[in-house]
Amino acid sequence: MTNEVTAVGDAALLRRACDTFATRFGRAPAAAACAPGRANLMGDHVDYCEGFVLPVALPFVTVVVGSHNGTGQCNVLSAGQLSQEASFSAPTPDAPLRPGEPAWANYVKGVVANFPGRVRGFDAVIVSDLPMGSGLSSSASLEVAVFTILEELEGKKVDPVQKAKLCQKAEHEFPGMPCGIMDQYVVTLARKDHALLIDCRSLEAKHIPVNTGDTAILVVNSNVKHQLTGSEYPQRRAQCQEAADKLGLPSLRGATRKDLEELKRQNCDKLVLMRAEHIIDEIHRTEQVAKSLAQMDLDRVGEMFYQSHESLSTLMQVSCPELDQLVDIMRGAPGVYGARMTGGGFGGCVVALVKKGDVEGLKSKILKNYKGSPTFFVCEPSEGARALPIK
Ligand code: ADP
Ligand code: MG
């Protein structure tokens, strides 16, 4: 069926990257690495509140190939979707890297700047089959893929949790996005056929087998991204912190529904109260979904998907008409257990649990009724970042 997207696969992407590298730099690359995108099954906007999240890695990946070039320059070509090259000096103690133009290169520079140890000049080519800016975390995928190839090139392995934290720091400092830890963590540590229950306070995680039998995890891309002012995400983060401060807590992770009464008593701003309510319930839902998924209680998981979407839409106010419409179309359709927006919101994707035999019927229903142009893929939980052997 049209509108179905399939992963190109890391082997084909690797060949493409090596060919492009040879054409551009006139030799073969010495190392290669890849990192996946992700879809979150439950727990949105809670990672920066130290809550629980439950993402899976996707079969869609960013592949990076590269070699040292014996100079002090880093030359990075993003082939395919973007087709742009950026050059910057390898950092030295006297001349640290700074963010700048082009904007996309900040994701690469941030990682180079935060890599623990010396980074020598290199040439690199990036290829990816992840859509950019669709809420599937192409940004963390790019950061972690670059970090992984630097590990290969510099011969220095970094502890994976530390690696995720350094990539998060890179995104904070260079593109200037105050993201939580979920994306970099799952992109680094995911395991095939498992979701990852991440405790964003302790930074410990549990691999939860996803064995949904005759049920598919269907991701529907709304193919819209509302730019708004770009300040919504930092604003949500600040509102959640304000609620935690009022309660004398380091984050909303420690809060309960009772604390909502306390916030009301303090005449807390209405929006801050709404954000707190979402976070408290969403953290609880994530733990429940992890349990229900392990017990194969998909009816319960589906119910919580809908509750989560409602909460993200009305309390957190990070949905948009297109995502709401997709969830409405899916609600009550044959074989659908539940659906919710996934990721930061304001566009991007919806994730749903659907009986495999009903997927095609559901797609037709969406194509007929959704006002935009959706794309679909059935999400097989995939492996995290890895070095790729090159022959
Ligand atoms: P998401 O992470 O959900 O895809 P973001 O807005 O966080 O959306 O990140 C998207 C940005 O990441 C792009 O606009 C671009 O700057 C950068 N990016 C991601 N993948 C690539 C790539 N393959 N080449 C160059 N830049 C990329
Ligand atoms: Mg991102």
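Residues numbered from 1 in each chain as written. Chains lettered and ligands numbered in written order. Predicted model: local features only at pLDDT ≥ 70, side-chain atom pairs only at ≥ 80, totals over all residues. Heavy atoms only, no water.

**Student:** Teacher, can you tell me more about the domain arrangement of the chain here?
**Tutor:** Frequently, the measure chosen for interface size is the accessible area removed from exposure when the parts meet. Each assigned domain of the chain is listed with its residue range as follows: domain 1 (10-209 + 384-388) and domain 2 (215-379). Each of domain 1 and domain 2 was reduced to a C-alpha centroid, and the two centroids are 26 Å apart. With 34 residues of domain 1 in contact, the opposing surface of domain 2 contributes 39 residues. When the area that domain 1 buries against domain 2 is broken down by residue, the three leading residues are Met42, His45 and Tyr48, summing to 23%. Applying the counting criterion to the domain 1 and domain 2 interface returns two salt bridges. The partner of Asp199 in a salt bridge is Arg253, and the shortest N-O contact between them spans 2.8 Å. At the junction of domain 1 with domain 2, the criterion picks out 20 residue pairs in polar contact (both at pLDDT 80 or more). Counting residues per element, the ones that place at least two in the side of domain 1 that touches domain 2 are β1 (31-40), β2 (52-53), β3 (55-68) and β7 (194-199). (Domains from an automatic or database assignment. Contact = heavy atoms within 4.5 Å. Buried area = accessible area lost by both parts, 1.4 Å probe. Salt bridge = Lys/Arg side-chain N within 4 Å of Asp/Glu carboxyl O. Polar contact = N/O pair within 3.5 Å; in protein donor to acceptor, adjacent residues only side chain to side chain. Helix = DSSP H or I, 4+ residues; strand = E, 2+ residues; numbered from the N terminus.)

**Student:** What is the right way to read the site of ligand 1 from this model?
**Tutor:** Around ligand 1 sit 15 residues in total, of which Ser78, Gly133, Gly135, Ser138 and Ser139 are the nearest. Contacts to ligand 1 include Ser138, whose side-chain N or O atom sits 2.6 Å from an oxygen atom. One of the side-chain nitrogen or oxygen atoms of Ser139 is found 2.9 Å away from an oxygen atom of ligand 1. According to the grid-proximity analysis, the pocket containing ligand 1 is the largest pocket. Mapped by element, the contributors of at least two residues to the shell around ligand 1 are β6 (122-128) and α3 (138-154). At three residues, α3 tops the list of elements feeding residues into the shell around ligand 1. Counted by class, the shell around ligand 1 contains seven nonpolar, eight polar and no charged residues. (Near = heavy atom within 4 Å. 1 Å grid on protein atoms, 1.4 Å probe; cavity = no way out; pocket = protein on both sides within 12 Å on 5 of 7 lines; lining within 4 Å. Sits in = over half its atoms within 2 Å of the grid points. Nonpolar A, V, L, I, M, F, W, Y, C, P; charged D, E, K, R; others polar.)

**Student:** Before we go on, may I ask you to explain empty space enclosed by the protein in this structure?
**Tutor:** Leftover empty space is mapped by rolling, across the atoms, a probe with the size of a water molecule. Applying the stated criterion across every chain yields a total of one cavity of 30 Å³ or more. The computed volume of the largest cavity comes to approximately 40 Å³. For the largest cavity, the full set of lining residues is Val64, Val76, Val108, Phe122, Ala124, Val146, Ile149 and Leu150. Take the lining of the largest cavity: its biggest share by element is three residues, from α3. Within the lining of the largest cavity, the residues separate by chemical class into eight nonpolar, no polar and no charged. (Points joined across faces, edges and corners; volume = space filled by probe spheres on them.)

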